[in-house]
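Structural overview
Below, each chain spelled out in residue letters.
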Amino acid sequence: MAKSGAYWKGHPKSFMDTVKADTMLKAIDMAETIYYDVRSYSPVDTGAFQSSWHISADAPVFKYAGAGIVPASAFSYPAKFTKLFVTNGAPYAVALEYGWSDKAPTGVLRNAIARL
């Protein structure tokens, strides 16, 4: 015989809401960890590549910050999102990721994900 809802301490929907909220917090934590890791391991010549890292929700955003631009340190996320993206809009970002720089011969983003 199946157990009735009397065995739950709370309604099952409350449990699902808690899991969803915890999952979103974990996703934010992982995205921010990757973001800080790629910024710290980015090869620096002018600083443009390092400043062009961004976190966006639901769709990738490829912005090129340019040299000398300091990105905002505070993040804001929508109340609900399905995906988070850590992106870099520098025109040479793909080349750097695949070994163009002697300072980061194995790339940056793939290494950050592996370290995570």
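Residues numbered from 1 in each chain as written. Predicted model: local features only at pLDDT ≥ 70, side-chain atom pairs only at ≥ 80, totals over all residues. Heavy atoms only, no water.

Focus: the pairing of strand 1 (residues 53-57)
Here strand 1 lies mainly inside the structure; four of its five residues are buried. Relative to strand 2 (residues 84-88), strand 1 is paired through five bridges, and the arrangement is antiparallel. By the bridge assignment for strand 2, Ile55 is matched with Val86. (Buried < 20%, exposed > 50% of the residue type's maximum accessible area, 1.4 Å probe, protein only. Helix = DSSP H or I, 4+ residues; strand = E, 2+ residues; numbered from the N terminus. Pairing = 2+ DSSP bridges.)

What about the packing of aromatic side chains?
As enumerated under the stated definition, the model contains six aromatic pairs in all. Between Tyr92 and Trp100 the ring centres are 6.1 Å apart and the planes differ by 50°, which places this aromatic pair in the tilted class. Exposure remark for Tyr92: the relative accessible area of 23% places this residue in the partly exposed category. Relative accessible area serves as the criterion here: at 58%, Trp100 is assigned to the exposed category. Ring pairs connect the aromatic residues Phe49, Trp53, Tyr64, Tyr92 and Trp100, which therefore count as one cluster. Positioned over the ring face of Tyr41 is Arg115, at 4.1 Å from the centre of the ring. (Phe/Tyr/Trp six-rings, centres within 6.5 Å; stacked < 30°, edge-to-face > 60°. Lys NZ or Arg CZ within 6 Å of the ring centre and 35° of its normal.)

Overview of the side chain of Ser101
Looking at where Ser101 falls in the secondary structure, it is placed in the loop between helix 3 (93-97) and helix 4 (109-115). What makes Ser101 buried here is its relative accessible area of 12%. Reaching out from Ser101, the side chain makes a polar contact with the backbone nitrogen of Lys103 at a distance of 3.0 Å. Those residues in contact with Ser101 that lie beyond four places of it in its chain are Pro43 and Leu96. (Polar contact = N/O pair within 3.5 Å; in protein donor to acceptor, adjacent residues only side chain to side chain. Contact = heavy atoms within 4.5 Å.)

A closer look at the pattern of salt bridges
Overall, the coordinates contain two salt bridges when judged by the stated rule. Between Arg110 and Glu97 there is a salt bridge, and its shortest N-O distance comes to 2.8 Å. You can see Arg110 sitting in helix 4 and its partner Glu97 sitting in helix 3, a full 13 residues away along the chain. For Arg110, a relative accessible area of 41% gives the class partly exposed. (Salt bridge = Lys/Arg side-chain N within 4 Å of Asp/Glu carboxyl O.)

Points about helix 1 (residues 12-41)
With 30 residues, helix 1 ought to run about 44 Å at 1.5 Å a step, and its terminal C-alpha atoms sit 43 Å apart, in line with that. Every buried residue belonging to helix 1 is among Ile28, Ala31, Ile34, Tyr35, Asp37, Val38 and Arg39, and all of these are buried. In this fold, the buried residues of helix 1 make contact with helix 2 (48-51), strand 1, strand 2 and helix 4. (Expected span 1.5 Å × (residues − 1).)

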